[in-house]
Amino acid sequence: MADTIEESPVSYEELMDLEDEFEQAETEIIRQQYALYKPLFAKRAELVSQIKNFWPLVFEAAPMDIDEYIQPTDSQVILSSLRGLTVTRFELDADPVKGDPRSFAIRFEFDENEYFEDKVLEKKFWYRYGKDGFRGYVSEPVEIKWKDGKDLTDGLLNLAKAVYDEQKGKPRPAAAANGADKKDKKKEKEPLTEKQKALKEKIDQTGMGGVSFFCWFGYVGEYVTAEESAEAMAEEAEERRKRKAGEAVPKKDEDEDMEDADDSDDDEDDDDDDDLDIFPTGDAVALAIADDLYPGAIKYFIQAQEQDILSEISEEFDDEASLSDSNDEEEEKEAPKRKKQKA
């Protein structure tokens, strides 16, 4: 594949610039779609507020990429107390022209329940660019006011929030190393703090299979500030402009690129940051809610209703079959007696 690129008059940078244009077009589609859907979502919210257990039933029929993370106790809380769900594009609401349509917030509304005091839990996801090439969603831990002895995350969420608050404001190692010698990257890596050690130990003890869905509120992802993101976007835009204008754009050192591709040990060290995220797939679950479950809520509600009907029919069939088997057994017991009497 590399030989094909080298022999072609088309450069790798040209391909990536075109890919960026596709991404910009998709972003504009989200912007227009949100404007069209917004009044419809408001109308739906008014209607479904009159339907008992609408959102709990929607979550009951949630697709596997959401449902697989909902533990039995989580399901109990959702089914008994979830009252509302809203997804908003908060940057668009603040500025319909300049706001990034990809950033969104997911707001859960709850009735009184035995697990936490909060009536509203809202988590925001910002789409950010990093100077090290990162593109994706970042977030901040959301604190939940658990009632005594009812913390479904078993302390993980509180620890994640404490670690985030401790690290907030500190420069990101990856950003600090941008443009520097890659060999210095390990030297810049600081040892874990006591809170980070406690969080890592707690995660190792728990295991991802037993993590509550409410740990999702602790997802962080990469730590990329709005300032770094704006600078990275400006740098990329300037590079694209220069390429289109035929101006020279400095390329990365080829030796450095080869080192990035071959140095798997460095990659393993970078994964240490991921080890401190209590819900590593938090962005994927958020997108599944924002792009699938929320806009398709009526579809999932109907599916849940149909599943309940099928379940009732199945139970009735099982009861009838059980009764029929019982009658057959009684007839078999009585049959020899009738023959004996007849004889």
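How each quantity is defined
- Residues numbered from 1 in each chain as written.
- Predicted model: local features only at pLDDT ≥ 70, side-chain atom pairs only at ≥ 80, totals over all residues.
- Heavy atoms only, no water.
- Phe/Tyr/Trp six-rings, centres within 6.5 Å; stacked < 30°, edge-to-face > 60°.
- Helix = DSSP H or I, 4+ residues; strand = E, 2+ residues; numbered from the N terminus.
- Buried < 20%, exposed > 50% of the residue type's maximum accessible area, 1.4 Å probe, protein only.
- Lys NZ or Arg CZ within 6 Å of the ring centre and 35° of its normal.
- pLDDT = per-residue confidence, 0-100.
- Contact = heavy atoms within 4.5 Å.
- Pairing = 2+ DSSP bridges.
- Axes fitted to C-alpha atoms, helices over the stretch in contact; angles between N-to-C directions.
- Salt bridge = Lys/Arg side-chain N within 4 Å of Asp/Glu carboxyl O.

**Quick notes on the packing of aromatic side chains**
As enumerated under the stated definition, the model contains 27 aromatic pairs in all. Between Tyr127 and Tyr137, the aromatic rings sit 5.2 Å apart at their centres with planes inclined by 80°, giving edge-to-face as the arrangement. Highlighted residues: Tyr127 in strand 3 (residues 120–129) and Tyr137 in strand 4 (residues 135–139), separated in sequence by ten residues. The same class applies to Tyr127 as to Tyr137, namely buried. If you follow Lys124 out to its NZ or CZ, it ends over the ring of Phe90, 4.7 Å from the centre.

**Overview of the confidence of the model for the protein chain**
In the predicted model, the protein chain carries a mean pLDDT of 82, and 75% of its residues have values of at least 70. Taken element by element, the protein chain is modelled with least confidence in helix 12 (residues 254–262), mean pLDDT 44, and with most confidence in strand 2 (residues 104–110), mean pLDDT 98. Low pLDDT (under 50) marks residues 254–270, which in the prediction has twelve contacts with non-local residues, meaning those over four places away or in another chain. With pLDDT under 50 throughout, residues 335–343 is counted as low confidence; its partners more than four residues away or in other chains account for zero contacts.

**Here we look at the sheet that holds strand 1 (residues 82–88)**
Taken in spatial order, the four strands make up an open sheet running 1-2-3-4, and their pairing is antiparallel. Edge positions in the sheet fall to strand 1 and strand 4, since each of these pairs with one other strand and no more. Direction aside, neighbouring strands of the sheet carry axes that sit 15° apart on average. Here six bridges tie strand 1 to strand 2, and the two strands are oriented antiparallel to one another. Residue pairing across strands places Thr88 opposite Ala105, the latter belonging to strand 2.

**Observations concerning the pattern of salt bridges**
The final tally for this structure, using the stated rule, is 24 salt bridges. The closest approach of N and O atoms between Arg31 and Glu28, which form a salt bridge, is 3.1 Å. One end of the pair, Arg31, and the other, Glu28, are both in helix 2 (residues 12–48), three residues apart, so they sit about a helical turn from each other. Judged by relative accessible area, Glu28 falls into the partly exposed class, the value being 34%. Where salt bridges share partners, they join Asp20, Glu23, Asp100, Arg102, Arg135, Glu236 and Arg240 into one cluster.

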